[in-house]
Every structure is written in C-alpha cells, then in structure tokens.
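Summary of structural features
Residues per chain are reported as follows:
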Amino acid sequence: MKKLFKKGAEFHDRSPVKFAWDPSGNLLASVGRNAVVHLFDRHGQHVHEISLSMSTKVLNMEWDKDGEVLAILQAKNNVILLYDVHSRQSIDFDSRLEEPSFLKWSQSSPLLAVAGAKGNLQIYNKDTRKTVPVWGKHPSKITCGAWSKGSNKLALGSDDCTLTLSNEDGDTQFQEETKYAPVEIRFAPGNSNLISINMSGHSLLLYNLADGTEAPVELAFQSGYGEIKTHHWFGDRYIMIGFSEGYLVVISTHMQEIGEEQHHKRLHSKLYDIAYSPALNRAATLGDGGVRIIDMTNYNELKNEGISMDTSRNSENMPHDIDWSPDGQILTVSTHSGVVYNFLAKMPCVHARNGLDVAYLCSLREVAVVNVGKYRSTTYTVPVSIEPTFMALGPEYLAVGMNNRVLYYQCSPHSNQMLAEKEYIGSVNAIDINGEYAAVLAGKNLFLETLPGVRGGDAGSRDGPRKRVFPDPDAPEQYRQVTCMALLEQFVIFGTESGSIHFFFLPDWTMISGAELRNDQAVSMLAPNHRGTRVIFVNDSHEGHLYNPVTGEVNEIPEFPPHPTKVLWDETDRHVFYIFSETEMHVYVYAPVTIKRQQVVKVGRVDIDGEGVYKVSPETYRVQAGFTPIVCNSEYITYQNPSGSLKKYPSPPYNSFDRNLDIDEPQRLRLRFRQCLCLHLLREAWDAALEIDQTKYYFALANKAMELMDIPMAMRVYRQLGDAGMVMALEQIVHLEDKNLIAGHMALFNSDYQTAQDLFLSSSEPVEALHMQRDLVQWEQALKLAMTLAPEQVPEITVQFAQQLEFKENYEEALRVYESADPSMSPTGASAIGALLSPENEKLVTHGLARCSLRLGDLHRGLRLARASDDAQLCRECADILEGEASDNYMAEAAALYEFGGFYEDAARIYLTNIRDLTKASKIMDRVNLLNLQAQYAQACEKTGKYEEAIVAYDRARDTDSIVRLYLHQLDQPASAFDLVRSSQSASGAELVARFCQKTGDVNGTIEFLLMANQSRAAFDYAKEQDALDVLSSSFGDDISARDAAQVAQYYEQKQNLGKAGHFYALCGMYGRALSLFLKCGDSEIDQAIEVVGKARDDMLTHELIDFLMGEKDGVPKDIKYIYTLQMALGNYQQAAETATVIARQEQDHGNYKEAHEIYYQTIRALEDKNYAMPRELRVGFQLLHSYLLIQKLLKTGDHEGAARNLLRVAHNISRFPKHDVNLLTLAVIECSRAGLKKSAYSFATKLVSPDFRSKLDPKYSRKIEKMVRRPSLEEKAEETSPCPISGRQIALFSLECPTTRDPLPMCIISGRHLEREDFCLCPVSQMPALYSQYIRYLTQQTSAMADAQSREDGKEDGKEPGGARGFGRGGGGRGVLEGVDPILGQSVRSDELRKLGGAEVDAYLARFNNTGGNSKAADAKAAASGGGEPMVPETV
C-alpha cells in the first residue's frame, strides 16, 4: 500500500490515539491524551480542532449515521460532547450518569445510546434533543453494545454477565445471563435477530432471537489460538475471529456448517485488532510485524498490500488501533506514541484514454499517463488540485473535474501546468477532448468549445474561442435533451432523448444533416470507431445497433447484453469491438462487405467439420468483478483494477497468441486458426493453416474468404488445395469492382441462387442473372430474362424450354413451343426465332415435333419425321411411344423402327411375343443378347422340329438342361449329355442323366449322377440294391439322413471299422452306441467321444465319458485338459473356466508362468467366441500373469517406472507366485526405488526382512534392504493419470477399476495400463486390447532391435563393425511399416494392421468386457485395481 499521509505526536502527544472516520469518508477525527480532537480531510489537510473541557482519557468517539455530529465520551465526565460539523459548534449533553462507560449511535435513526458504570442508560435524540432515561437497565457496569440496522434494536452487555435487548424507547424485550461477561456485541448484517457476543475472549455466543425456543450456540476454540480479541460478520452469515496468538479463523453460522472452521491461518505472533471493509471485502489484521491484508473472497493473503512496521514496545510504531474508511480507499493505523498513519488502499476508478495513451488516478490528486501499446510504456504524472471524479485525455491536454467544475492541464512529460478552470450549468455527466476542442455534457446540454491553450481557445485571444451549445435553442422540444456524446478528431456525435443521433463536422463548424439518424427510443450510449464511419448506439431498451452514417444502414447487434456498461473498439483490429457489462465481456466482429452486405457477428467457439464447414457458437467471457476496461489492443485488454492500478490481460478471442497459454504447439495452431477465422483475420489464419496443413482447415478458410469476398485469399487457398476449377472461376471475377456483381458470383458458388439473381440484377451486369438461370436449366425463368436482357438468346432458350416441358409431360405446350421455333412453319411471328436456329437446335426441334406428334395422336406426322431424320435414337424413342401408348395395330411399325435403329432385342421381343413371326426373328437372333428371348426362340424352334437350331438357341440362352434333354431323347447323343452335365454340374441335368443310366443298367453312372443330383437316399437304396455300398460310402460326407447313416454305421461295424462306425452312429443320433465304439478305440478317438457327448447333452453319457477320463475303467487317468474340452463341448462354460483356472493355478504354483498364461488366454478367447459372460477370476488371473510377463520386456526397453508399476501389481498378490516370491519382492524393492516409489519400496523391504522371507533373501541384497528399513524414505512419486474409458474421470494410469461404476477396466497388453477411449485398439493377432500409441511404440522398439541385429549380422559378413540401424519395412523392403511379434502369441504383426477403435466400437467392447459372471467376489476386482491391478514379476532377479 502507498502511504497517503502521517499525523504525528505534534497533534496527539506521545500517547495512544483514538480515531474515527465519518460515514462519507471525507473527515477523520483523532485524539490523544492532550484532550484536543483534530479533524483532517482525506488528503491529510487539517480542518478543525476541538478542545475538550476535561483532560481525562477519551474512551470512545463515534459519528452519527449522517456524518453530521461527532460524539465524544471521556472518562469520569458525565457530559458527552456533541460536535456539529456544519456549524462547527459543540453541544454539551449531560447524561446524568456516574462514570459513563459506553456510547453508540444508531445505524438507522438519530438516536445516541449512553450507558454508565451503574448499569443505567440514556437514549438521546439529536433531532429533538430529547432524552429517554432508563434506570437500572443492568445491575452493574455496561461495557459493550450494538444497534441493529433497520429494526433499531439495542443490545447491551455488562460486567455481571447479563445480555439485554431493548427497543428504541429503552423497553427491555429480552434478557439473558451469559457464562462470561460480554466484551463485544455485533448484529449480523441484514438480520436483526442474529447476535454474536464475545464472552471475555473465552468463546463466541450466537443468539437467534427469531426463534425463542432455540437455545444459544456457544462456540469454543482451540486453546492454542489464545483469547478472542475481536470478531466481524461478513459475506453470507460468516464470521471472522481474531485471536491473541495471531490466528485468523473463519466460521459459518449456517446450521449445516455451524461449528466447522472454514479457514484458519496464523498471521502474527500477537494480534491486536482486526478491521473489515465491506466495500473491498478485505480484512486488515494488526499485530506484531505490522498489517496483513486478507481477501475474504478466497481467504488469500495479499502479500504485496501488507504493511511492515516495527511493533516493538520501544518503537513509536507500537500499534493501538486500525480501521478502514467507509469507502475502503484508506486504511488508518494509530500507535501508542501519538502517530496516525493513513495508507491508500484503493484508488477511485477514474481514467481516460486517447488512442493507446491512458490517464488514470495514481493518487488522490495525481494523474499518471502511460502508453499501453505493445512496445512503448513511457509514464509521467500530472499533479492536480482536486480529487477528480472524471477526466478526459487528448493528444496534449488533460481535463479533470468533479461536480460541475472542470480543470484543464497541459499534458506532456515536460509540462503539466494548469491552463484554466471552468464551471458549467449542471453536473458534468461526460467530457471528451481532442487536439483542439473540448466537449462537455452537463445537464441536458452539450457544450463544445475550443480548448484553453489552443490558438483561439483563451478568453483573451484575438481570434476568440469557438463555442457551440447543443441542441440549438430553437430546436423542437423533443430534441432539447442530449443524453450521450462522443468527440472525434473531426466530428462531434451526440444522441438525444428523442432517439435521434446527430453529426457535427468540426472543420466546417456545421451539422451534417445527411448523416442524422432518428429512432423511436432515447439513445443512452454512443461508441463510434476512430473515424466516426461506424457508430454503435444503445437505446433505453438496452438494444444495441451498429449505424453506418455513410450508407444509412443500421444493423442490430445479435445477442446484445441486457445491461452494457462500456463499448470499446479494438485499436489494432479496427473491425472488432467489445461490449462489457459488470462481469461479462462480449466480443463482436464487424464485416463491412460480405455476400449479404454488412454484418455483425458475435465471436465465440469455432467448430470445423471434416468437410471444412465451420460453425460459430457465440460465447460470453467472464471479467473479474471490479475490473474496468479501458483499452482493447488486439491481443491484450487494459483494465483498471479495484486498487486503481492498470493491468493488461490477454484478450480471450486472441489467447492463442499468448505464449503463456499452457497448450502444446499443434493445439495452439488449431486454436489460432479458429480464432483468426472468427475475427476475420484471414492473413493470420492462412499462416496458421500452412503450418497445420490439413484439408479441412483450407476448406474452412476458403469458405470464409468467399463469404467476405476476399477473392485473392480464396484463390490462394484453392490453389493450395489443388482445385483448379475454383481458381479459374475466381480468376474470371477477380478484376471486377462492382460489389453486387462479386457478391452475386459468391452467392452462386454457395448455391444461393435467389440471392445471386437479386445481386446480379442490381449490379452493372444484370445479364449474369440470365447466364445463371441457363446454367441451372431453369429455362422458363431464363426465357423471361432473355426477352429483356438478351433477345438474341431467345431461340436457343426456347428449344431448351420446350425440351423441359416435354420432360414434364406437358406435351401440348411443348408442341406449341417447338412449332414456334420450327423454321418450316408459317412465319407469322415464328420465323424470327426459327431463322436464328443453329443446325443442332433445328435437329432438336424436329425430334421434339416427332415425339410430341406421336404422343398427341398424329401418327402420320410423327412417323414421317422419324423416318426422314435417319436418326437411330429418334427411331428408338418413337418406337417406344408406339409400343407403349399406341394401338396394337402399330406393333409392326414399332418393331420395324426398332430394327431400323439397331435395337434388335426390342424388335425380337415384338416378333416373338406380339407378331409371332419366326422368319423375321431368325434374321436378327444372332444379334440378340437377351437370354430369355433366345430361350423363347429355342422353344419355338423345338416345337417346329428344328432341333439343331434349338440347341444353338438353348446354348445362347445357357439352358443346359434343355440341351441335355435333346441330346438324350431327340438326337441320341448320351456321351455329349454326360460331358455337358459333368462340366456344368447341373442337378436337374444330372437327374435326367441318372434316370437314363438306370434304364441302361449303368450302376456307377447311376450312383454318380444321383449324388450329383443331391438324391443321396435314392443313391443309397440303389447301391444297397445293387450291393455297391462301398462305392456309395466313399462318396458320402456328413450330409446324410439318419436312416442311411445308421445303415452305413452297421456296415462299418460289421467290418470292425469302429471309428467310422461310431462317426456314422453319431450322424444318425445314436450317441450312446457311438460313444461306446469310440471308447473301445482308446485314446485315439477321445476327441470324437467328447464331440459326441457335447452333441448328446445326456447325463448318463457324460458320466460314462468322465469315468473313462478319470481312469475308472482302465485305471489310467487321462489328461485333465480333456475335462476342460468336455466342459466346453457341453456348454458348461462356468465349469470350463473354473477347470482352466485350476489348471493354470497348478502350472503357476510350479513356476510354469508361460504355460499358465497360455491357458488363461486360450480360455478367455474361447469364452469370448461363445459370447459368454467372463468369470472375473479368469480376467484377474490373466492380468496378473501378463503383468508378470511384461516386466522383463519393460526393463529391457528402460521403462523402469512401467516395470515398477507392474511389479506393484504382482507384489500385492505375491501368494500366487510361491516359487519366486522372494525374488519378486526383491525386484519390486529395487525397481520401486529406481522409479521414485520410495514408500512402496520400503513396504516390500519390510516384508522381506520378516521371518517368513528373511531366510530366503539373497545375501548380496540383504544389507541394502535392511538399511532401507532402518532409514525409510516415505516419498512416493505420484502416479500419472488419464481419463477412465467408462466415466471419463482422471484415474491412475495403472488402475484397472472405474471409480464411478466400480466396473473392471481392460488392461493394455503392451504396458499394463488401463485403456483410454481415444487410444483404443485390438491386437490383430490375439484380439486382446491395447493402447494404440503403446503398441506403435512397442513395434518401433522391435523394429529398431531387428535393424540393429541385421546391421551387426551384415557387419560380420562384410568383416566390418556393425553400423547404424537400417530401415525395416513391409516385407523387408517397404517404408514406414513397423514389424514385430505380438506379446501374447509371438506371431508376426505389422503397424498397418493396427486400427484405432471408434467411440461406438469402444462402448460395445466395454459392454462385452463388463458382462462378467461367475462367483468371483468383489475382492478380485479390487485386487485388480489396487496399485494398477495385480502386478507380476520375471522368473529371476
């Protein structure tokens, strides 16, 4: 804090000083032991002194609520001195009390309460000067009290531990005895029923008078805090309490928080007093070492605001009292040695600016001027003779003032003399100055005059000052009150209560009537840009508009804040402006030229999709309370903070340019691009787009450039994109100057055709509208435009219009339009169009006439025109019309037209179906490709006995069966039929051949072709009948009937081929017989037996097989894996999983970790393939073993922290690794120590030195581990976090449990960490989950290792030392593809096979993953989640 002034012992003697600020904060009263009260103003000037009648100690001094009367209470003096500030006279009020001890003014009335040592009370009314005596209010001395605000209740406390509450007449309404004597009483602000009492420093008592049944609450505190010195209410029913041992404690009086400390901190060794300022919401604590300032909003100490003082008892600074001025601007501290210090705690928020030069109040009577630009920061000060409440700054002058006074100063680093002082009629509401003039808004008038010091500005100058008062006296009544104004270099702009805005041109000293704007509502605020070419104005309804006085356009500002306090234009980006309210900032960008003319857009977040389409979501930015904006200079905004100093903060829409923004460079570039795009800074957006180099950003920039009609920029972007078409299109309009013409082309590019036509028609080249309609094939509109804009284009457009009508089936109108363009028609108005037709269009007219004539029934004309045209397509079109719409009598003409035009399929269809003329059809069938027509023709030939022609036609129709039939029965060529069926594999053809073979006695052929015809039953019967079952069985697969399978099985059983017999018994459903035969085969057919039992689902068969597997029959137990296979076959997935777990645990107990790992994996994959709910124990076992197997891999790559985290998972479940428990714990101690996990290392070291493990501990590690236990270090490196894939909350990297749902999380098979949504992939080999980035890193390391190995090998072959790694790629020769082996199966995997999963795929995987079943307990999930899951270890340390 800055020291404002100091008043020493010359005023107070060397004695403790009491002081009191008046409610306005303008007068300070102080008194020492010299019995003289001194009055000082807020600048330290001595105003008056009051001599007291007695020299006794002043006990209290207090101002009334109006600041008019100062009451002074002296010891042993029953007369209270009342000093009237206005009259400077004293009144002696005889209280008639012996030894008055207490004095207090009411906060809401002119009442003064005076109490004495005998417990009596006097209530004095300063207005009526009447006294209400209240005798015996308390039995003993009244020591403290307080008035409530509003209800005017008086609470008093006395030495005899009594508390009373009285009304303003002194009537007692409440009386209570307290545990200790009250020494301080305070009412809660805004609540006259809530009282707090400091009970002799022992405790704090809270009374709620609203509820008479509620018992008071006594709050006691820790004895270490010391005694309660004082307390204050603040905020929403919070209390700050100062303790003698230097502690500041904050408590809440809300019932749900009562008794709980909200904050506590020791600020001093000894505390003397606390002062609280509601205006600042700050507390000042006075204690040894000086004064500490606390912001009570967040309880932070403002170290820069503190005051250091030598507070030793021998020092003159030994503190006595502290208090704030009512406005919080001054902090006063008095000492025991007669000194009063006054510090400037808060400056009035008064400032002005001229461009980037800012003037602000740096002291109560001193103005600092500083340039807040990017590179200049020169500062100088101008002392002023008043404490101003407003100011204005020009290039060379400064104006300050208060009320109706204005003082003008020269303002430069070399001169700051005062030039003049002026007074205006009415209080000054606003003032502005430029290089020559001052504009002062005082009362209802605007005064414009030459500045003092400028040539002609002095009253005595020869030229005389120029003056003007607005509005003119002869103006209508509704224009006679000016509400706001702005002074620019060449203009004065002002608004009136009637809603009009006026422009006054300074060089010509005249009004500009053409720029005047009239509104329906009064103008409350004006904010022109630096030249006055755009003006933002706000009306009484708090609606904001932007006015262009050049064109007269008015744009409503979107999402305008309801209560704006200030509007600022950016000093660098002159098209950007800011609108501020108390705690919000709204940023807008103004585009003077766009496709839709001028626009105002609110700035916000910009989203860009994959196609480059951008969307702006308007945002509102927060402004710190009490911060007043002064200047906006693109990247920074300069504020005046509550303490009066200037602060520059990054502008939120420009924060990507702030190098202190904590984001990585790619994010910064993307943010910068979006912000520049939103702010219309296309050059800067282009620079950012080049660095980002992504297509969607180029498209977004191109779209914005098109919207703003920045054609060179749009061409540059499209050239970068390689879009030659857009570049060429833009090159054709880049030379244009007509804005409407350019905007029309831009609207056309954006497919806004109506807007484009309107803009074209209002441009200098309206024919562009015609060109657009022609390009859009809107011929009717094009024809209307051509009539007036381009008559020479009418014939061509007429033809196009007729074609469009014909397409829409408006044939009559189409025929009329065609005829109007036909040059052969009568020239009555049509020859003018027909004569201009080109040959191509003349042909189109002829074709149109032919088609429309046929459709409208004029067949003779239509056929004549079609034949005369010699056009194949027209013939086709006319034939279609004849076939579809005309009578059947014209089918022959339609077929002839089809044939004439080369459309042979259509002609053949009519010849065969409608006319039935085979002779004409035969001439064209070799040109017909449709199979159905060929088949139809073949059938007709067969009926007429033309078998050879029929076979050719059937062959064209690909009808093999018909050809086989003709070969067998008509042409007697069976060999050809056999060959054809074998090559075509036709079932129906095979059936024909089989019947033929059966009739001719060909057994093998019959069986062959019956099976080929899918008639296995018939084949079996025939084979059995012919005793050829061996031939049949060799051809059978599993597709056989039960009956046939049973017969085949019996056949093989008789042949003692038990395996095949069992197979066919199983196929026919005789599972018991099949199992019996399989078991007779011994171990060779166990898998077949398991498959049969799985199909049968019969308990008896199941038990029979289990007995066999357990060795009940032959005394030889079979491998337990067959039990597992059987459970899977039976669908008993739970039992299968449990069996797999037992097998794996046995392997794990014997130290066979890889075998156990493989069992877990294979079981998990089998259950996942069956879509079965996974038992949690299975997942946990796999995660433990896989974490164990990861440790050595991570150690080899140098990832010690990853190895340590996985070791934690293993070590927490060390009982599952009995073979290597000591080695694993030892490795855990080593790696945890190396990774900074000292606390975990100490925990495992303690376990190692326990009796269970000490004897097995390797001697070379025992001493170090014992030392670690004796001298523990409990530091633990915090585990990094990443978002949970389920809840999105930040959790530890190796945690495998969702903190919200308690669901288990999938583990990365590369790193052992939990998966993340944005980095989720599946191993293409094992189908197990992994972090994509970690998998790529893993493959990179493997590729590098392979390259090093290859390099060493090449070096050996060449006889040279191995060199650097060579690139490995796809197939050994590709580039950019990483290769390695997957960590589960050890099979080859490549980076191009990896793929990140999308959001929906991740959700589906997590849903399947957490569909857990079984009887595993919650402890398993917790075990998998503790420390990142159940960790694991290498086989040896």
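A word on the environment of Phe 494. Along the chain, Phe 494 falls in strand β47 (residues 491-496). Taking the relative accessible area as the measure of exposure, Phe 494 reaches 3% and is therefore buried. Discounting residues that sit within four places of it in the chain, Phe 494 has contacts with Leu 446, Phe 470, Val 482, Cys 484, Met 485, Ser 500, Ile 501, His 502, Met 511 and Leu 526.

Right, let's talk about empty space enclosed by the protein for a bit. Overall, the coordinates contain two cavities of 30 Å³ or more when judged by the stated rule. As a volume, the largest cavity reaches approximately 70 Å³. Of all the secondary structure elements, the ones that give two or more residues to the lining of the largest cavity are α36 (1176-1196) and α43 (1399-1409). Residue composition of the lining of the largest cavity, grouped by class: eight nonpolar, one polar and one charged.

A word on the pattern of salt bridges. Opposite charge on two side chains makes pairing possible when the charged atoms of those side chains draw close. Counted under the stated rule, the structure contains 52 salt bridges. A salt bridge links Glu 942 to Arg 965, with the nearest nitrogen and oxygen atoms 2.6 Å apart. With a gap of 23 residues between them, Glu 942 in helix α20 (residues 931-943) and Arg 965 in helix α22 (residues 960-969) connect regions that are remote in the sequence. Judged by its relative accessible area of 17%, Glu 942 falls in the buried class. Salt bridges sharing common partners tie together Asp 64, Lys 65, Asp 66, Glu 68 and Lys 126.

The subject of this paragraph is the sheet that holds strand β4 (residues 36-41). What links the strands of a sheet is backbone hydrogen bonding, and the strands pair in either a parallel or an antiparallel sense. Taken in spatial order, the four strands line up as β2-β3-β4-β5 in an open sheet, and their pairing is antiparallel. In this open sheet, the two strands that pair with only one neighbour each are β2 (18-21) and β5 (46-51). Strand-to-strand twist across the sheet, computed as the mean angle between neighbouring axes with direction ignored, equals 20°.

Once that is clear, we can look at the sheet that holds strand β36 (residues 366-371). Ordered in space as β34-β35-β36-β37, the four strands form an open sheet in which the pairing is antiparallel. Whereas interior strands pair on both sides, the edge strands pair on one side only; in this sheet they are β34 (351-354) and β37 (379-383). Each strand of the sheet is rotated relative to its neighbour by a mean of 25°, with strand direction disregarded. Of the strand pairs in this sheet, β34 and strand β35 (residues 357-363) are connected by four bridges, and their pairing is antiparallel. Note that in β35 the partner of Arg 353 across the bridge is Val 358.

Let's shift gears to the nonpolar core. Residues Phe 673 and Leu 730 are the most contacted members of the largest nonpolar core, which totals 138 residues. The element contributing the most residues to this core is helix α4 (residues 695-707), with seven residues. Here Leu 730 is in contact with Met 706, Ile 711, Ala 714, Met 715, Tyr 718, Met 746 and Phe 749, once residues within four sequence places are set aside. If you look at the next biggest cluster of nonpolar residues, it comprises 71 residues, including Leu 1208, Cys 1308, Ile 1310 and Ile 1384.

What follows deals with the packing of helix α23 (residues 974-984) against helix α24 (residues 987-1000). Between α23 and α24, whose axes approach to 10 Å, the crossing angle comes to 140°. In terms of their interaxial angle, α23 and α24 are classed as oblique. Seen from above, α23 lies across α24 with left-handed handedness. Contacts between α23 and α24 pair Pro 974, Ala 977, Phe 978 and Val 981 from the former with Gly 989, Ala 990, Val 993, Phe 996 and Cys 997 from the latter. A per-class count over the contact of α23 with α24 returns eight nonpolar, one polar and no charged.

Further remarks concern the packing of aromatic side chains. Centre distance and the angle of the planes are the two values used to describe a pair of aromatic rings. Using the criterion set out here, one finds 35 aromatic pairs in the structure. For the ring pair Tyr 225 and Tyr 247, a centre distance of 4.8 Å and an interplane angle of 40° mean the geometry is tilted. You can see Tyr 225 sitting in the loop between β21 (217-220) and β22 (228-234) and its partner Tyr 247 sitting in strand β24 (residues 247-252), a full 22 residues away along the chain. Judged by its relative accessible area of 3%, Tyr 225 falls in the buried class. Of the residues examined, Tyr 247 reaches a relative accessible area of 17% and is grouped as buried. Judged by centre distance (5.9 Å) and plane angle (55°), the rings of Phe 234 and Tyr 276 are tilted. One end of the pair, Phe 234, is in strand β22; the other, Tyr 276, is in strand β26 (residues 271-277), and 42 residues separate them in sequence. As far as burial versus exposure is concerned, Phe 234 and Tyr 276 are alike and both buried. Taking the ring centre of Phe 657 as reference, the NZ or CZ of Arg 672 above it sits at 4.5 Å. A cation sits over an aromatic face here: Arg 876 above Phe 903, 4.6 Å from the ring centre.

This next bit is on unusual backbone geometry. The residue after Phe 470, namely Pro 471, is reached through a cis peptide bond having omega -5°. Within the fold, Pro 471 resides in the loop between β45 (467-470) and β46 (482-487). Its identity as a non-glycine residue notwithstanding, Glu 99 has a phi of 50°, on the positive side. When you line up the elements, Glu 99 lands in the loop between β9 (89-94) and β10 (100-105). Of note, Gln 1327 is a non-glycine position whose phi angle comes to about 60°, a positive value. Within the element layout of this structure, Gln 1327 appears in the loop between β67 (1320-1322) and β68 (1329-1331).

Definitions and limits used
- Residues numbered from 1 in each chain as written.
- Predicted model: local features only at pLDDT ≥ 70, side-chain atom pairs only at ≥ 80, totals over all residues.
- Heavy atoms only, no water.
- Helix = DSSP H or I, 4+ residues; strand = E, 2+ residues; numbered from the N terminus.
- Buried < 20%, exposed > 50% of the residue type's maximum accessible area, 1.4 Å probe, protein only.
- Contact = heavy atoms within 4.5 Å.
- 1 Å grid on protein atoms, 1.4 Å probe; cavity = no way out; pocket = protein on both sides within 12 Å on 5 of 7 lines; lining within 4 Å.
- Points joined across faces, edges and corners; volume = space filled by probe spheres on them.
- Nonpolar A, V, L, I, M, F, W, Y, C, P; charged D, E, K, R; others polar.
- Salt bridge = Lys/Arg side-chain N within 4 Å of Asp/Glu carboxyl O.
- Pairing = 2+ DSSP bridges.
- Axes fitted to C-alpha atoms, helices over the stretch in contact; angles between N-to-C directions.
- Core = buried A, V, L, I, M, F, W, Y, C linked by side-chain atoms within 4.5 Å.
- Parallel < 35°, antiparallel > 145°, perpendicular 65-115°, else oblique.
- Left-handed = near helix turned anticlockwise from the far one by under 90°.
- Phe/Tyr/Trp six-rings, centres within 6.5 Å; stacked < 30°, edge-to-face > 60°.
- Lys NZ or Arg CZ within 6 Å of the ring centre and 35° of its normal.

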